[in-house]
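Per-entry structural report
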Amino acid sequence: MKRIIKTALIMSIGFMGTQAVAQQQKPVTTSAVSTDQKMNKFVDDLIAKMTLEEKIGQLNLAAVGFDVTGPIVSENVDEKIQKGYIGGVFNTFTPSAARKLQQMAVKRTRLGIPLLFGYDVIHGHKTIFPIPLGLASSWDLAAVERSARIAAEEASADGLNWVFSPMVDIARDPRWGRVAEGAGEDTYLGSQIARAMVRGYQGNDLTKENTVMACVKHFALYGGAEAGRDYNTVDMSMNRMFNEYLPPYKAAVDAGAASVMTSFNDINGVPATANRWLMTELLREKWGFKGMVATDYTAINELVPHGLGTEAEVGELALKAGVDMDMVGEVFLNNLQQSVKDGKVSEAEVDAACRRVLEAKYKLGLFQDPYRYTNEKRAKKNIMKPEYLEATRDIARKTMVLLKNDKQTLPLKKTGSIALIGPLATSQRDMIGNWSGAGDWKQAVSVEQGIRNVAGKDIKINYAKGANIADDQQMIERLNAHGGNLEIDSRSSEDMIAEAVKVAQNSDVIVAVVGESQGMTGEASSRADITLPGKQQDLLKALKKTGKPMVIVLMSGRPLALNWEAENADAMLETWFAGTEAGNAIADVLFGDYNPSGKLTMTFPQVVGQVPIYYNHKNTGRPYGGELLDKYKSRYLDVSNEPLFPFGYGLSYTTFSYSRPELSKNTVNPNETLEVRVNVKNTGNYDGEEVVQLYVQDVIASVTRPVKELKGFQKISLKKGESKTVTFTLTAEDLKFYNKDLEYVFEPGEFKVFVGTNSSDVQEASFTLAQ
Ligand code: BGC
């Protein structure tokens, strides 16, 4: 009997019902009514029909589970969907899988409210782009946006309408494995990239079938985890928070990001997921965020070990703080009804969260067509198109950073013989990096294959593995248990090195492909030692002794400490994990078909003891200026303060010369603009691209300010011998910062301007900002 009644209800009020509601609501003067008003009316009407249980169901985000990204997995998802206990799912895709689940929600629940389909589309969906730290190193916003656009095209064709990206956490500690997922250490660049990614994913109309909802994460300050250990405590001054760590989240929100994910970490004593100040006062009330907030994976449950109370209590805290969706943990599902009954939470508070979930669905057009993202034809046409593969190859080339190139060792000739050595030289799995969404590593191009493709038949490749990527058995097991496929050679390291040396002796040049395996980076992959893992350095030392020119092709998801390598390699190219077309793109650069143009967005330390190390530090009261015998300065006894490679650093096969920066005025009024002009000339033998960087220092202010901060950059292309004048425009807005009362102000006085090829190698000028 019950079943029959339910079926009847589905027919009358199920999905068709909600569609009918939408149609009935269409007032005669549609054009006069704003979309917001229409949405409000629709959601009001729907909420009025919902039971408390149904509302709480909307707040539950379940992992469908073939791809586990946390310690527990949601259970009995099908059954829960049909009971209306689930508002959205993630970790499943393909049009057919999504359609099947969507049908359960739409046809088998009383109100037929469609589901959200989320996924960690981090650097591409099926066509994999370089890891985000690599993408940022392109300093090419159009390329970054394009990668997000293609990811959205593919994801939306594959059943998804929500991506858990961009990750905009500022990160200054390379021990933290998740630096791979973000744009690096800089606030200004990070904010630009955050905007570009949101634009790429969401386009300008979320209801379109080829756009997806972005999710800015991890709100907030996750990158400030103490000691670079994942999930660790963050304790940060308001000054640093507002001036350095929060702006990229705000930039993404300002760009229209429709959802935000909370972070796992504690923030000055209140974990983000229970932090009302963060999610309600700052995000919603101050920044005007109108979208939906989801937690990170079981982040509400984790408030228990954080020490904030029982499961029921932390659920109440999270809801009141401003969380709308509970990822995987089911704290809301299991406790909120009782909390409402006990008067600990009001139904109005549940309504507010439910409203925001329904609004997200409305904005995606799911109430008009819940199957919008499950079009098989689109999936067939729109996934891994040849033009997407071309795009990822092209973008990957732009992300590579030439760290050293003595005696023009690179580019290589397409003739002669190469000793191709190293545990990463033939790897396909590592090419697509950590968290490569639905990407298939078997379609990725290895370095060996790329060299064959690009250099052609006239080159002889002599290969030896030379070393395992790691020797620590526990580490290997762990990596293989989480998506790695490391094959460990059973020969002794001495034998492997001896073979490699022989191969090198019989070749013209050594190309050593070394670094980290993809699984050594990303979530829960912090490293305390950030040198090359395993016996790879021993291998390089032995190769060096052959006297052959040695090119290091480096792969890593973080800055590494590479003192020996930087001193001893003839050339060194950082390639990150470059995506599906990695090998082709790397070969394009090695053989000069593309002249490298990437620049670091995270400082490389000399040794891990310098960490956190970043270019935009404060001056201190005792800055070290090279006075060797002056003891009482801010410095180390055993290593200089300098990084191995500074922020913004990267070479080209050509060279560029810079004129001194010229300013349009020496004194500028707050309502005027200042032009900074510099002439850049290509003085070398190749056409090339250069990222011209502009930094500013506020010399005297009411609070201490960094020694310099990036305020502009332009990536320009110059033919051999060509020169161009690059003009930057600064306004008082660019000189603003949060003062001690957290007011966003500029302060008149002296400013320095620095322009150059990286954050250290600059020329300066100065101006005064008048009262
Ligand atoms: C990560 C998030 C991710 C989520 C869902 C978490 O463990 O911190 O970045 O979006 O899992 O997979």
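Residues numbered from 1 in each chain as written. Predicted model: local features only at pLDDT ≥ 70, side-chain atom pairs only at ≥ 80, totals over all residues. Heavy atoms only, no water.

1. A few points about helix α8 (residues 141-157)
Compared with the 24 Å implied by 1.5 Å per residue over 17 residues, the 24 Å span of α8 between its first and last C-alpha is a close match. Taken across its 17 residues, α8 has 12 buried, putting it largely inside the fold. Regarding α8, the residues found buried are Ala143, Val144, Ser147, Ala148, Ile150, Ala151, Ala152, Glu153, Glu154, Ala155, Ser156 and Ala157. Turning to α8, the residues buried within the fold contact α6 (95-108), α7 (132-137), β4 (162-163), α9 (187-202), α17 (376-382) and α18 (386-399). One side-chain oxygen of the residue at the start of α8 lies 3.2 Å from the amide nitrogen of Ala142, identifying that residue as Asp140. Where α8 ends, the next residue or the one after it, Gly159, has phi of about 95 degrees, a positive value. (Helix = DSSP H or I, 4+ residues; strand = E, 2+ residues; numbered from the N terminus. Expected span 1.5 Å × (residues − 1). Buried < 20%, exposed > 50% of the residue type's maximum accessible area, 1.4 Å probe, protein only. Contact = heavy atoms within 4.5 Å. Polar contact = N/O pair within 3.5 Å; in protein donor to acceptor, adjacent residues only side chain to side chain.)

2. Considerations on the UniProt feature "domain: Fibronectin type III-like" (unreviewed entry) in the chain
Mapped onto this numbering, the UniProt entry annotates "domain: Fibronectin type III-like" (unreviewed entry) at residues 690-759. End-to-end, the C-alpha atoms of residues 690-759 are 14 Å apart, and along that stretch the chain is 0% helix and 56% strand. (UniProt positions renumbered as here; feature names shortened; annotations may be inferred.)

3. What about empty space enclosed by the protein?
What the rule picks out here adds up to 6 cavities of 30 Å³ or more. Of the volumes computed, that of the largest cavity is approximately 140 Å³. Taken together, 21 residues form the lining of the largest cavity, with Met167, Glu181, Gly182, Ala183 and Ile193 sitting closest to its centre. Counting only elements with at least two residues in the lining of the largest cavity, the list comes to α7 and α9. Counting residues per element, the lining of the largest cavity draws most heavily on α9, at 4 residues. Residues belonging to the lining of the largest cavity are distributed by class as follows: 14 nonpolar, 4 polar and 3 charged. (1 Å grid on protein atoms, 1.4 Å probe; cavity = no way out; pocket = protein on both sides within 12 Å on 5 of 7 lines; lining within 4 Å. Points joined across faces, edges and corners; volume = space filled by probe spheres on them. Nonpolar A, V, L, I, M, F, W, Y, C, P; charged D, E, K, R; others polar.)

4. Describing the state of the cysteines
A complete count under the given rule lists 0 disulfides for this structure. Cys354 supplies the cysteine sulfur nearest to Cys215, a cysteine that is in no disulfide, at a spacing of 18 Å. In this structure Cys215 comes out as buried when scored by relative accessible area, which is 0%. (Disulfide = S-S within 2.5 Å.)

5. Re the sheet that holds strand β26 (residues 749-756)
The strand order β19-β27-β26-β21-β22 describes an open sheet built from 5 strands, whose pairing is mixed. At either margin of the open sheet sits one strand with a lone partner, and together these are β19 (667-668) and β22 (709-718). Relative to β22, strand β21 (residues 688-698) runs antiparallel, the two sharing 9 bridges. Paired with Val692 across the bridge in β22 is Gln714. (Pairing = 2+ DSSP bridges.)

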